[in-house]
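Take a look at the letters that make up each chain.
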Amino acid sequence: QVQLVESGGGLVQPGGSLRLSCAASGSAFSLYAMGWYRQAPGKQREVIARIEADGNTNYKDSVKGRFTISRDNAKNTVYLQMNSLKSDDTAAYYCNTIPPIRDRGMDIWGEGTLVTVSA
């Protein structure tokens, strides 16, 4: 079964930076579009950045120009560099394929990593 392990979150001041990592198990990682999702308190989970198998990227408008998604297929890892962080970026962050991995009718998620932007 595919496993996703996110790391790199923490408490950061507005304007600061963080780099998130996501290690994925599985032999076909390089074939999948991967995304970073986030879920803020009281809101639905949403995809904010995606990277295709060929390396093309796309971003939600609210993070465009501040966040950068990248991948290292040799390490089965996807990254999210987050700069100029704002309080609105406070959320739990998850990585997954796009669309999310499903097993027996349910989306499979890792535990996520919490990002808190606060002075």
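Counting from 1, residues in each chain are numbered in the order their sequence is written. Reporting in this predicted model follows two pLDDT cut-offs: at least 70 for local features of residues, and 80 or more for side-chain atom pairs to be given and counted; totals over whole chains, interfaces and linings ignore these cut-offs and use all residues. The basis for the side-chain values is all heavy atoms of the structure; hydrogens and waters are excluded.

## Notes on the sheet that holds strand β3 (residues 18-24)
Moving on, step 1. The rule for pairing is simple: two strands pair if DSSP sees at least two bridges between them. Helical segments are the DSSP runs of H or I of at least four residues, strand segments are the runs of E of at least two, and each set is numbered from the N terminus. As summarised here, the arrangement of the four strands in space is β1-β3-β8-β7, forming an open sheet in which the pairing is antiparallel. Each edge of the open sheet carries a strand with a single partner, namely β1 (4-7) and β7 (67-72). Neighbour-to-neighbour, the strand axes of this sheet turn through a mean angle of 15°, independent of strand direction. Convention adopted: a line fitted to C-alpha atoms gives each axis, helices being fitted over their contacting stretch, and angles between N-to-C directions are expressed from 0 to 180 degrees.

## Re the state of the cysteines
Moving on, step 1. The criterion for a disulfide is a pair of cysteine sulfur atoms lying within 2.5 Å. Within the structure shown, the criterion is met by one disulfide.
Moving on, step 2. Here cysteine 22 connects covalently by a disulfide to cysteine 95, the sulfurs 1.6 Å from one another. Residue cysteine 22 is found in strand β3, and its partner cysteine 95 is found in strand β9 (residues 91-97); the two are separated by 73 residues along the sequence.
Moving on, step 3. Classification of residues uses two cut-offs on accessible area relative to the type maximum, computed with a 1.4 Å probe and protein chains only: under 20% is buried, over 50% is exposed, and between them is partly exposed. On the basis of relative accessibility, which here comes to 0%, the residue cysteine 22 falls in the buried class.
Moving on, step 4. Assessed through its relative accessible area of 0%, cysteine 95 is described here as buried.

## Here's the deal with the pattern of salt bridges
Moving on, step 1. For this analysis, a salt bridge means a side-chain nitrogen from Lys or Arg found within 4 Å of a carboxyl oxygen belonging to Asp or Glu. A complete count under the given rule lists eight salt bridges for this structure.
Moving on, step 2. Between aspartate 61 and lysine 64 there is a salt bridge, with the nearest N and O atoms lying 3.1 Å from each other.
Moving on, step 3. Judged by its relative accessible area of 62%, aspartate 61 falls in the exposed class.
Moving on, step 4. Two residues, aspartate 103 and arginine 104, come together in a salt bridge whose shortest N-O distance is 3.4 Å.
Moving on, step 5. Each of the salt bridges in this network shares a partner with another, and the network as a whole consists of Arg38, Glu46, Lys60, Arg66 and Asp89.

## Details of the environment of valine 115
Moving on, step 1. Looking at the element boundaries, valine 115 is found in strand β12 (residues 113-117).
Moving on, step 2. For valine 115 and tyrosine 37, which are 78 residues apart along the polypeptide, the C-alpha to C-alpha distance reads 12 Å.
Moving on, step 3. Not counting chain neighbours up to four residues away, the residues in contact with valine 115 comprise Gly9, Gly10, Leu18, Leu20, Met82, Asp89, Thr90, Ala91 and Tyr93. Only heavy atoms matter for contacts: two residues are in contact if any of them lie within 4.5 Å across the pair.

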